[in-house]
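Single-letter residue listing:
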Protein chains: 2
Amino acid sequence: MNVKPIQTIAIIGSGNLASHLCSAFMHAQRRVHTVVSRNPIAGRLLATRAGADYVAKVEDCPISVDLIVLAVSDSAIESVVRRLPENQALVVHISGSTDIDAVDKFEHHGVFYPLQSFTKDKEVNFFEVPFLIEGASEEDEARLSDLGKAISTKVFKASSDDRRYLHVAAVFASNFSNVLYGIAKNILESNTQLPFELLYPLIKETAVKIKDLPPHKAQTGPASRGDKAVMERQLELLKHHREWIQIYHLLSDQITKQKNA
Amino acid sequence: MNVKPIQTIAIIGSGNLASHLCSAFMHAQRRVHTVVSRNPIAGRLLATRAGADYVAKVEDCPISVDLIVLAVSDSAIESVVRRLPENQALVVHISGSTDIDAVDKFEHHGVFYPLQSFTKDKEVNFFEVPFLIEGASEEDEARLSDLGKAISTKVFKASSDDRRYLHVAAVFASNFSNVLYGIAKNILESNTQLPFELLYPLIKETAVKIKDLPPHKAQTGPASRGDKAVMERQLELLKHHREWIQIYHLLSDQITKQKNA
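The following paragraphs examine the structure supplied in this document. (Residues numbered from 1 in each chain as written. Chains lettered and ligands numbered in written order. Predicted model: local features only at pLDDT ≥ 70, side-chain atom pairs only at ≥ 80, totals over all residues. Heavy atoms only, no water.)

A word on helix α4 (residues 138-151) of chain B
Residues and elements named next belong to chain B.
So, step 1. With 14 residues, α4 ought to run about 20 Å at 1.5 Å a step, and its terminal C-alpha atoms sit 20 Å apart, in line with that.
So, step 2. Looking only at α4, the buried set comprises Asp140, Glu141, Ala142, Arg143, Leu144, Ser145, Leu147, Gly148 and Ile151.
So, step 3. In the core, the buried residues of α4 are packed alongside α1 (16-27), β4 (67-70), β5 (90-93), β6 (108-114), β7 (131-135) and β8 (155-157). (Helix = DSSP H or I, 4+ residues; strand = E, 2+ residues; numbered from the N terminus. Expected span 1.5 Å × (residues − 1). Buried < 20%, exposed > 50% of the residue type's maximum accessible area, 1.4 Å probe, protein only. Contact = heavy atoms within 4.5 Å.)

Description of the nonpolar core
Considering soluble globular proteins, one finds that nonpolar side chains tend to be buried as a cluster.
So, step 1. Ranked by size, the top nonpolar core spans 84 residues in total, and within it A:Phe172, A:Leu199, B:Phe172 and B:Leu199 carry the most contacts.
So, step 2. Discounting chain neighbours no more than four positions away, the residues touching A:Leu199 are A:Ala184, A:Leu188, B:Leu115, B:Leu166, B:Ala169, B:Ala170 and B:Ala173. (Core = buried A, V, L, I, M, F, W, Y, C linked by side-chain atoms within 4.5 Å.)

Focus on the relation of the copies chain A and chain B
So, step 1. Relative to chain B, chain A is turned by 180° and slid 0.0 Å along the rotation axis, the superposed coordinates differing by an RMSD of 0.0 Å. Here the copies are linked by what is in effect a two-fold axis. Among all residues of chain A, the minimum C-alpha distance to the rotation axis is found for A:Ser177, at 2.5 Å.
So, step 2. A share of 100% of interface residues in chain A that are also interface residues in chain B marks the association as one of identical surfaces. (Least-squares fit on C-alpha atoms with pLDDT ≥ 70 in both.)

Here we look at the environment of B:Ala42
So, step 1. Structurally, B:Ala42 can be placed in helix α2 (residues 40-50).
So, step 2. A C-alpha to C-alpha distance of 9.3 Å links B:Ala42 and B:Ser19, two positions 23 residues apart in sequence.

Focus on the sheet that holds strand β3 (residues 53-55) of chain B
Within a sheet, each strand pairs with its neighbour through backbone hydrogen bonds, oriented either parallel or antiparallel.
All names here are of chain B.
So, step 1. Ordered in space as β3-β2-β1-β4-β5-β6-β7-β8, the eight strands form an open sheet in which the pairing is mixed. In the strand order of this sheet, the two ends are held by β3 and β8, each with one partner. Between one strand and the next, the sheet's axes are offset by a mean angle of 25°, whatever the strand orientation.
So, step 2. Relative to β6, β5 runs parallel, the two being bridged by four bridges. (Pairing = 2+ DSSP bridges. Axes fitted to C-alpha atoms, helices over the stretch in contact; angles between N-to-C directions.)

Quick word on the pairing of β7(B)
Residues and elements named next belong to chain B.
So, step 1. Burial runs high along β7: five of the five residues are buried.
So, step 2. Alternating positions in β7 separate into two faces, Phe131, Ile133 and Gly135 on one and Leu132 and Glu134 on the other, with burial throughout.
So, step 3. Sheet topology note: the β6/β7 ladder contains five bridges and is antiparallel. The residue bridging Gly110 from the neighbouring strand is Gly135, located in β7.

Observations concerning the interface of chain A and chain B
Think of interface size as the accessible area that goes away when the parts come together; that is how it is often given.
So, step 1. Taken together, the contact pairs 90 residues of chain A with 90 residues of chain B.
So, step 2. Where chain A abuts chain B, roughly 8,900 Å² becomes buried across the two surfaces, and 69% of that area is made up of carbon and sulfur atoms.
So, step 3. For chain A, the biggest contributors to the area lost against chain B are A:Tyr165, A:Phe172 and A:Leu237; these three give 8% of the whole.
So, step 4. Applying the counting rule to chain A against chain B returns two salt bridges.
So, step 5. For B:Glu243, the salt bridge is made with A:Lys257, and the minimal N-O distance between the two is 2.4 Å. (Buried area = accessible area lost by both parts, 1.4 Å probe. Salt bridge = Lys/Arg side-chain N within 4 Å of Asp/Glu carboxyl O.)

Here you go:
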């Protein structure tokens with residue numbers, strides 16, 4: 001299909017993700033035309049960085065652009081959609097857990113979801129970030145795919161349903177892993193003089209090993225070996241932390257189940 | 001201190017860790033003199049690879065070597081110690097969760113614990129693997145430290161108590177993260193056509209990000225944002241998996257606590 005490329009973009013939002021996407025669009029030689037944000041400090045800062053205009057109100061978002069990106073929190077999508085005038089631009093949200101229907105007020109609409117954990121002040125290499133796209137029409141989807149490929153080597157089509165499951169999978173794989181790192185740090189710092197850095201190589205090795213071995217085959221440790229004696233000694237060390245003990249039991253059970261599946 | 005370097009080594013055991021350590025010793029130009037294993041196939045194979053002798057019985061372990069490494073499961077340490085003749089070699093175990101006392105039958109003894117998750121058929125770069133060492137005497141400790149530094153850039157002294165806490169921290173940071181990767185894979189494969197590979201960049205980014213930001217600051221996701229609406233929608237997707245729901249609740253609570261700590 002011969003698709004009309006996306007050249008000019010308005011971004012609604014000035015948070016983490018808006019800021020990271022803005023950089024990505026600029027790297028891909030697209031023009032960020034306007035940043036829309038009710039936060040004048042972050043909004044103006046981002047606009048300045050992008051060489052873009054700044055407007056405060058969604059109602060004032062320019063509609064002559066090719067693409068309008070709703071880079072706002074999931075809970076704000078509905079109200080932004082309500083306030084954004086009807087238009088002929090392609091309007092997308094970037095949320096993992098929101099249906100494409102949320103933007104179906106607009107003739108051309110879709111989803112442009114980057115699967116990555118974006119943290120303020122931490123550069124992201126978008127080249128490796130998978131983009132999950134969904135378009136209202138074949139043409140909308142092709143245009144988003146085209147834009148995605150200008151940013152990343154990993155562009156996938158995914159239905160709203162697929163994306164929802166992907167998002168919950170990502171919560172387990174990323175948000176929940178990260179909180180376990182935090183518990184590990186807490187255990188070390190409360191009980192030893194050893195630095196948390198000691199665990200970096202192990203954490204990294206565990207994360208990259210799954211490229212070579214599926215998690216259930218890569219699994220190691222006392223629960224995987226069925227080593228009850230070590231497990232009991234470890235639970236004893238956690239005795240003042242009821243919730244950590246619950247987590248220890250639940251995740252050890254999962255290890256056993258994955259092994260026997 | 002002027003320490004007598006460890007040149008010749010006997011390894012008791014022929015499993016994963018024995019095999020990885022054997023390679024590491026050889027890279028460090030130490031001579032693996034004998035492999036002791038009641039498993040003749042694995043034992044002979046490892047001995048051949050290392051250019052070492054093979055003996056089946058712990059009672060027949062040569063005691064003229066500089067170092068005897070008990071590379072056996074935690075539960076086997078006691079019986080190996082019982083059967084190993086008294087000797088003047090330095091005798092070490094390599095277990096994270098076993099006290100140094102387990103080998104105190106021998107005049108020179110200690111612990112040589114590599115903090116890494118070793119998987120069969122997966123090469124390990126020991127250079128980055130932290131070694132936690134403990135010696136019965138200053139001399140024993142210095143000799144182990146010397147050997148550790150020939151293998152790795154990261155050698156730390158740690159008491160048996162420190163090591164035990166480190167080991168349980170490692171279970172949270174590594175074994176439990178890995179089982180979450182397995183749950184994520186399961187969620188994707190049971191509900192979508194999307195490949196698990198989609199999550200690799202996110203998983204890796206989460207694992208390496210903690211070098212720049214402590215976990216509680218790197219935390220993202222619905223629980224971190226307090227986004228109850230998304231959390232409820234995600235729990236609905238997990239409704240046929242009671243244990244995953246429990247894990248979701250427990251780890252989301254931990255995210256909230258770490259944020260507010």
